[in-house]
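The lines below spell out each chain.
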Amino acid sequence: MSTLAVVAVLVVSLATLGVGAIGLRISRTTSDFYVASRAVGPALNASAISGEYLSAASFLGVAGLVLLRGVDMLWYPVGWTAGYVLLLIFVAAPLRRSRAYTLPDFAEFRVESLVARRVSSALVVLIGVFYLVPQFQGAGLTLRALTGAPTWVGAVVVALVVLANVVSGGMRSITIAQAFQYWLKLLALLLPLAFMLAHWHRHGGPTGRLHTVDWVEPMQGAHAPYLVYSLILATFLGTMGLPHVAVRFYTNRDGRAARRTTVAVLAMLSAFYLLPTLYGVLGRVFASDLVTSGRSDTVVLELPRRIFDGAAGDLLTALLCAGAFAAFLSTSSGLVVSVGGVIGQDLLGRRFDGVTAFRLAGVLAALATLVLTLLSSGLAVAHAVELAFAVAASTFCPLLLLGIWWRGLTAAGAVAGMVVGGALSVTAVVSVMVGETPGGWAGAVFAQPALCTVPLAFATMVGVSLATRSRLPVHLGRTMVRLHAPEDLELDRGSYHPEAAHRPG
Amino acid sequence: MSDERPVRVRVTGPRTGHVRRASIASEIDAQSVVGEIYMRSLIRSQLKLALGVVLLLALSVGSLPLLFELSPAVRRAHLLGVPVPWLVLGIGVYPVLIALAWFYVRRAERNEAAFNDMVGGGRE
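Below: a short report on this structure. (Residues numbered from 1 in each chain as written. Chains lettered and ligands numbered in written order. Predicted model: local features only at pLDDT ≥ 70, side-chain atom pairs only at ≥ 80, totals over all residues. Heavy atoms only, no water.)

Enumeration according to the criterion identifies 15 salt bridges over all chains in this entry. Close ionic contact of Glu112 of chain B with Arg259 of chain A constitutes a salt bridge, the shortest N to O distance being 2.7 Å. With Glu112 of chain B in helix H6 (residues 84-121) and Arg259 of chain A in helix H13 (residues 255-286), this residue pair bridges two chains. A relative accessible area of 5% means that Glu112 of chain B is categorised as buried. Salt bridges sharing common partners tie together Arg97, Arg259 and Glu487 of chain A together with Glu112 of chain B. (Salt bridge = Lys/Arg side-chain N within 4 Å of Asp/Glu carboxyl O. Helix = DSSP H or I, 4+ residues; strand = E, 2+ residues; numbered from the N terminus. Buried < 20%, exposed > 50% of the residue type's maximum accessible area, 1.4 Å probe, protein only.)

Here you go:
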């Protein structure tokens, strides 16, 4: 249908592969990747974190939900930004100072238990796959909007690009490439929006649908207070527990730089999230039929051609498609690298050498995601991503908060808390994804589980830790010194080296 | 014979480095009670700051759903033709988040500078 847009998608995909190939030459071993980029400045690093973080949910999903359900959906982008405030004040500097590269590294370092490491690894895989499914789904929606192809085609295309990258060994989360993705995504949303707003201002449009009460006023619908506060809890607390976010903090020079990077990330996300809301509002004016046909997630891509005829509409659509594919690929890359690294190291590492294990793990992660995407019931993209946040908030958030700020956390407590929070939240997420949820209050709890599962996970972690308080980690004192003392002091910070675990491969 | 009793020698030299390092840093390294007290005071001051910022966040951004739920007037208010909840959630929240973050960073760095002065000060 729209040749230009298909070309744009191809260009972005090939560029991603090309950057991967260049990256292959620059960083040949895993250890190069882990160590080389350690001294990246806060501004560049913040662009890279934002570029990797802004996924299909932010690029397509938020506008779709705003079009569909109105003002209450603005809590999604607010929560995804505010999550970085919580990450900043509780986690950023200590996590960098721990020198843990992944969340399983942190678990092993803090509670000195291999069981805690394994449980964390399993959770990284689960959260990663839950987060990947909506990326693949978004790619399917994009290609359907462009060519009319069935949705599985786009999912397969993204899976193939990701696989090609993993197998060629090139898919490193290269800082400069991820940083570029942020600016591409910002521009890809900003430019078409400027044209469309100018058009709306000059020629007007049917604004009657903007005044529906249950769309324009907040806190509408059944169980609204529970749903909104549960969403707030999941997004505010979940960000710190996302595998691909934690990894990025390792590239900061020190704890102080980690904090400054986080503030810059906040500013960049704030700038970006001003835009999707306006797409939702414009969609309400010019493309409200998408609500009734159940295709609201494609509103960002459909709008330009609803407003402009001919070449102008095609050009802007092509730009948006390029931005959307950049979003799927950058987030998928970061996630597959994190998930693949964890599977490769903890599950396959004993049987295969480093690089082989990493590639095999990446292939497994991408294929598992593809299968789950085809099975899933077509949940709204932004909601699906937010459910991954709910799992992170119910598992890694208590581990990080209690591990960093409370000496009393024991290995048994950490494991018990992660298992309870993980089991409950994963049950809810899976049942929502396959479309099997009860009605009424129970349905609300399944749709937004965080307000129930997060407190239970915290309570379990604290309770079991108190019951096993005679078994505190041996090196607790040094661990606390490493987490909290500024780097410029010469102090004994213990001997834990995660890089020894991440053997060069 | 009585002249040959052992001469008293003062042991000096190689230990001077350690003497100069007889500071809070070495107390922390030795994980002594004093060292623990210093570490705990740093952690407590940072935690207090973090919880203060969380409280500010809860009172500003976190109280909005409650406010909207309880006050139909706020829910329906308009400013320059735009509904107030849309303005607040779509734009107004973000500068607040950035300001809170900036405030935290400055205070946290000040806490650490104070700790550095205390611990590193005895080093020279």
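Residues and elements named next belong to chain A. Throughout the structure, instances matching the rule amount to twelve aromatic pairs over all chains. Look at Trp80 and Phe389: their rings are 5.9 Å apart centre to centre, the planes differ by 40°, and that puts the pair in the tilted class. Of this pair, Trp80 sits in helix H5 (residues 75-98) while Phe389 sits in helix H18 (residues 381-405), and the two are 309 residues apart along the sequence. Accessibility expressed as a relative area gives 1% for Trp80, which makes it buried. Aromatic side chains Phe325 and Phe328 sit 5.3 Å apart centroid to centroid with 70° between the ring planes, which places their arrangement in the edge-to-face category. Within this pair, Phe325 and its partner Phe328 are both found in helix H16 (residues 310-348), separated by three residues, close to a single helical turn. With a relative accessible area of 1%, Phe325 lands in the buried category. By way of ring pairs, the aromatic residues Tyr53, Tyr76, Trp80, Tyr84, Tyr131, Phe272, Tyr273 and Phe389 are connected into one cluster. (Phe/Tyr/Trp six-rings, centres within 6.5 Å; stacked < 30°, edge-to-face > 60°.)

All names here are of chain A. At a closest axis distance of 7 Å, the pairing of helix H3 (residues 42-53) and H16 adopts a crossing angle of 100°. Considering the angle they form, H3 stands roughly perpendicular to H16. Facing H3, whose interface residues are Gly51, Glu52 and Tyr53, H16 presents Ser330, Thr331 and Gly334. Among the residues making up the contact of H3 with H16, the classes are represented as one nonpolar, four polar and one charged. (Axes fitted to C-alpha atoms, helices over the stretch in contact; angles between N-to-C directions. Parallel < 35°, antiparallel > 145°, perpendicular 65-115°, else oblique. Contact = heavy atoms within 4.5 Å. Nonpolar A, V, L, I, M, F, W, Y, C, P; charged D, E, K, R; others polar.)

A word on unusual backbone geometry. All names here are of chain A. Look at Met219: it is not a glycine, yet its phi comes out positive at around 60°. Of note, Met219 is situated in the loop between helix H10 (213-216) and helix H11 (224-238). Residue classification places Met219 among the buried residues on the basis of a relative accessible area of 8%. A positive phi angle is found at His223, which is not glycine, with a value near 55°. Within the secondary structure, His223 sits in the loop between H10 and H11.

This next bit is on the side chain of Ser50 of chain A. All names here are of chain A. Within the fold, Ser50 resides in helix H3. Of the residues examined, Ser50 reaches a relative accessible area of 1% and is grouped as buried. The contact partners of Ser50, leaving out residues within four places of it in the chain, are Tyr182, Val265, Met268 and Leu269.

Quick look at helix H6 (residues 103-111) of chain A now. Residue and element names in this part refer to chain A. With eight of nine residues buried, H6 lies mostly within the body of the structure. Considered for burial, the residues of H6 that qualify are Leu103, Pro104, Asp105, Phe106, Ala107, Phe109, Arg110 and Val111. Immediately beyond the C-terminal end of H6, within one or two residues, lies Glu112, with a positive phi of roughly 55°.

Note that all results are geometric; they support no functional claim without further evidence.
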